[in-house]
Amino acid sequence: MTRIVVLTGAGISAESGVPTFRDAGGLWEGHRIEDVATPEGFERDPDTVHRFYDARRRAVANVIPNAAHRALARLESGIGPELLVVTQNVDDLHERAGSSNVLHMHGELRRALCTWCGARPAWEDDLADRPPCPECGERMLRPDVVWFGEMPYHLDRIEQAVVSCEVFASIGTSGAVYPAAGYVALAAAFGARTVELNLEPSDAIVPFDDARAGAATELVPAWVNEVLAGS
Ligand code: OAD
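Residue positions are given per chain, counting from 1 as you read along its sequence in written order. The model is predicted, so local features are restricted to residues of pLDDT at least 70 and side-chain atom pairs to those at 80 or more, both for listing and for counting; the totals for chains, interfaces and linings are taken over all residues. To obtain the side-chain values, all non-hydrogen atoms of the structure were included, while hydrogens and water were left out.

### Topic: the nonpolar core
By size, the foremost hydrophobic cluster in this structure holds 22 residues, and its most contacted members are Ile 4, Val 6, Leu 72, Val 220 and Trp 223. Considering every element that reaches this core, the biggest residue donor is helix H9 (residues 216-230), with 6 residues. Only heavy atoms matter for contacts: two residues are in contact if any of them lie within 4.5 Å across the pair. Leave out the neighbours within four places in its chain, and Trp 223 touches Ile 4, Val 6, Leu 72, Leu 75, Val 167, Ala 169, Val 195, Leu 197 and Arg 212. To qualify as a nonpolar core, a set must consist of buried Ala, Val, Leu, Ile, Met, Phe, Trp, Tyr and Cys residues joined through side-chain atoms within 4.5 Å. Each residue's exposure class comes from its accessible area (1.4 Å probe, protein chains only) as a fraction of the maximum for that residue type: buried when under 20%, exposed when over 50%, partly exposed otherwise. Each helix is a run of H or I in the DSSP string that is no shorter than four residues. Each strand is a run of E no shorter than two, and both are numbered from the N terminus.

### Some details on helix H7 (residues 155-164)
Regarding H7, the residues found buried are Leu 155, Ile 158, Ala 161 and Val 162. Seen from one end, H7 has its buried residues packed into an arc of 135°, which puts them on one side. Opposite the buried face of H7, by more than 90 degrees, sit the exposed residues Asp 156 and Gln 160. Taking the helix axis as origin, the arc is that swept by the directions to the C-beta atoms.

### Some words on the packing of aromatic side chains
Put simply, two rings from Phe, Tyr or Trp (the six-membered ring, in Trp's case) pair if the centres are within 6.5 Å, and we call them stacked under 30 degrees between planes, edge-to-face over 60, tilted for the rest. Per the stated rule, a full pass over the model turns up 3 aromatic pairs. On the numbers, 4.9 Å between centres and 90° between planes, the contact of Phe 52 with Tyr 53 is edge-to-face. No difference in accessibility class separates Phe 52 from Tyr 53, as the two residues are buried. Between Tyr 53 and Trp 147, the ring centres sit 6.1 Å apart and the planes meet at 45°, which makes this aromatic pair tilted. Here Tyr 53, found in helix H4 (residues 46-61), pairs with Trp 147, found in the loop between strand S5 (141-145) and H7; they are 94 residues apart in sequence, far enough to count as distant. Members of the aromatic cluster, each reached through a chain of ring pairs, are Phe 42, Phe 52, Tyr 53 and Trp 147. Across the ring face of Tyr 153, the terminal group of Arg 120 is positioned such that the distance to the ring centre comes to 4.2 Å. Charge over a ring is defined by NZ of Lys or CZ of Arg lying within 6 Å of the ring centre and within 35 degrees of the ring normal. Cation over ring: Arg 142 sits above Trp 147, and NZ or CZ is 3.8 Å from the ring centre.

### Some words on the domain arrangement of the protein
Often the size quoted for an interface is simply the accessible area lost on bringing the parts together. Just so you know, the domain bounds were taken from an automatic or database domain assignment. Domain annotation for the protein reports domain 1 (4-18 + 64-106 + 152-230) and domain 2 (19-62 + 107-145). A separation of 25 Å is found between the C-alpha centroids of domain 1 and domain 2. On the domain 2 side, the residues contacting the 18 residues of domain 1 number 16 residues. Two parts placed together each lose some accessible area; with a 1.4 Å probe, that loss summed over both constitutes the buried area. If you sort the residues of domain 1 by the area they bury against domain 2, Val 18, Val 90 and Tyr 153 come out on top, with a joint share of 41%. Should a side-chain nitrogen of Lys or Arg be within 4 Å of a carboxyl oxygen of Asp or Glu, the pair is scored as a salt bridge. At the boundary of domain 1 and domain 2, one finds 1 salt bridge. When the shortest N-O distance is used, the salt bridge between Asp 92 and Arg 110 registers 2.7 Å. Residues adjacent in sequence count toward polar contacts only when both atoms are side-chain atoms; beyond that, a polar contact is any pair of N or O atoms within 3.5 Å, and within protein one must be able to donate a hydrogen and the other to accept it. The tally of links between domain 1 and domain 2 comes to 5 residue pairs in polar contact (both at pLDDT 80 or more). Each residue is assigned to one class: nonpolar for Ala, Val, Leu, Ile, Met, Phe, Trp, Tyr, Cys and Pro, charged for Asp, Glu, Lys and Arg, and polar for all the others, Gly among them. Residues belonging to the side of domain 1 that touches domain 2 are distributed by class as follows: 9 nonpolar, 6 polar and 3 charged.

Structure, rendered in structure tokens:
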């Protein structure tokens, strides 16, 4: 049974060197979302979209998890499957830090999606040169990331965990993109204690019970220590 749900966003990976989306110098700066993060943009200009995600996949391969990712892995070592990490991030830094109970609601950069047969193979290389799908052989692979207008993954499992958890913690996310942005209100409505660990207070739709401002690499290890001391 899930006791603690942690929702993470780009801010948790920022100190590993992965750019966030909406901060100055963020990923969306210099890119129109409709060009690189919608099915229509991909249909219009697949080369540009492939190049964008190929570059991100390579960049993520060259960074390492930070103290915040490691602290969440330590929390999982302490309380096991009572912790569920729901991440909006498409990097794999939670897994590389040692977390295993992780749901990627916006997909994963290091996975491809075959638009012909639906396979979702693990993927390390570029997609721009149109490699064949390892399952069906068609050259119809796209990044396995959720674009605007598409349905995020694992919604049923996430909602079930959010309505039944005791603690809901939001880390490094601006609260700008739904459905993730709505989970704090859902968790609060079902009686969870809500905590925010973010560089600055986010645009959350309901106030958190406990909102802490600062860098994830400092706030998350300290919070994990508190949780482990109390459990
Ligand atoms: P954003 O870029 O919208 O927000 C990042 C948040 O992290 C901001 O609130 C920052 O203040 C905070 N932040 C930055 N550095 C931090 C640090 N060192 N420690 C703690 N917090 C820090 O990123 P997300 O909220 O993840 O979706 O964006 C949500 C979704 O919007 C993404 O998953 C992506 C994007 O469009 C899709 O691509 C579908």
